[in-house]
Amino acid sequence: MEEVVLRLKELLFPSIADVAVLSLDVNIEIVRVDAQCIADGAVCQVCGVWSNRVHGSYLRLPADVPSGGRSVVLQLRVRRFICGNSGCVRRTFVEQIPGLTRRHAQRTERLRSTLAAGGLALAGRAPEPASPAFSRYPSAAALCSGWSTHSQELFRASYAAS
């Protein structure tokens, strides 16, 4: 059984360390993945002090790229830590998983980069179903996003590069 879980983790999160897949439920329309971070602690984003004092946890539901024509629902349990630096302005902080999440994001990093690539292929235009770019990159309809989402992600990607 443990071998199956390790293979699932490699398929779903190939380049992401410290993530454990707790369960996977697949039906005709949806793939539901329950996962959590298994790192010993996290670093405060403000002061850089490492902490392993857990204050609490909650579920994050970031949107992810579709898989095999099915929507992927990622239920990610994240922990809130107490900052170890008594002088830090942030008393608690939430762990982020590099390559998967970022602070306040409602999409996974791979969905964000896919949307940016789609926006780049569309050159800021609304997608047309017959266009080659529309078939090469996941469509706006398949990703449950519209033209404005692609444009926003393209803008963010170009702004971050400069």
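Bear in mind the structure is a predicted one, so any value in this text is a computation, not a measurement.

Draft legend 1. Just the overall build of the protein chain, in detail. Counting its secondary structure elements, the protein chain contains four helices and seven strands. Along the chain direction, N to C, the helices and strands of the protein chain fall in the order α-β-β-β-β-β-β-β-α-α-α. When burial is assessed residue by residue, the protein chain has 32% of its 162 residues classed as buried. Look at the contacts in the protein chain between residues 6 or more apart in sequence, and 50% of them connect residues 24 or more apart. Accessible surface, the protein chain as shown: approximately 10000 Å² in total, 55% of it carbon and sulfur.

Draft legend 2. Spotlight on the confidence of the model for the protein chain. In the predicted model, the protein chain carries a mean pLDDT of 75, and 62% of its residues have values of at least 70. Put simply, helix α3 (residues 132-136) is where the protein chain has its lowest mean pLDDT, 47, and strand β4 (residues 50-51) is where it has its highest, 96. Confidence drops under pLDDT 50 across residues 133-144; counting only partners more than four residues distant or on other chains, this segment forms 23 contacts.

Draft legend 3. Region of interest: the pairing of strand β2 (residues 30-37). Looking at chain direction, strand β1 (residues 19-26) and β2 are connected through seven bridges and run antiparallel. Among the inter-strand pairings, Val19 is bridged to a residue of β2, identified as Cys37. Joining the antiparallel neighbours β1 and β2 is a turn of three residues. Here seven bridges tie β2 to strand β6 (residues 71-82), and the two strands are oriented parallel to one another. Bridging across to β6, Val31 finds its partner in Val72.

Draft legend 4. Spatial organisation of the pairing of β6. Two elements, strand β5 (residues 54-60) and β6, share six bridges in a ladder whose sense is antiparallel. Each bridged residue has a counterpart across the sheet, and for Arg60 the counterpart in β6 is Leu76. By the bridge criterion, three bridges tie β6 to strand β7 (residues 92-94) in an arrangement that is antiparallel. Looking across to β7, one finds that Ile82 is bridged to Thr92.

Draft legend 5. Just the state of the cysteines, in detail. The full count for this structure, using the stated rule, is zero disulfides. Looking at Cys83, it has no disulfide partner, and the nearest cysteine sulfur is the one in Cys47, 3.5 Å off.

Draft legend 6. Inspection of the environment of Gly41 at higher detail. Mapped onto the elements, Gly41 comes out in the loop between β2 and β3 (42-43). Judged by relative accessible area, which is 12%, Gly41 ranks as buried. Residues Gly41 and Phe81, spaced 40 residues apart in sequence, show a C-alpha to C-alpha distance of 7.9 Å. Leave out the neighbours within four places in its chain, and Gly41 touches Trp50, Ser51, Asn52 and Phe81.

What counts, and where the lines are drawn
- What you see as residue numbers is a count from 1 along each chain, following the sequence as written.
- The predicted origin of the model limits local features to residues at a pLDDT of at least 70 and limits the giving and counting of side-chain atom pairs to 80 or more, whereas totals for whole chains, interfaces and linings rest on all residues.
- Side-chain numbers here rest on the full set of heavy atoms in the structure, without hydrogens or water.
- Secondary structure is summarised from DSSP: a helix means a run of H or I of at least four residues, a strand means a run of E of at least two, and numbering begins at the N terminus for each.
- Only protein chains enter the accessibility calculation, which uses a 1.4 Å probe; a residue is then buried when its area is under 20% of its type maximum, exposed when over 50%, and partly exposed in between.
- In this analysis, two residues are considered to be in contact whenever any of their non-hydrogen atoms come within 4.5 Å of each other.
- Residue exposure ignores everything except the shown protein chains as possible cover, and the areas themselves are Shrake-Rupley values with a 1.4 Å probe.
- Note on scores: pLDDT gives the predictor's confidence for each residue, bounded by 0 and 100.
- Strand pairing requires that DSSP identify at least two bridges connecting the strands.
- The disulfide criterion used throughout: a pair of cysteine sulfur atoms within 2.5 Å.

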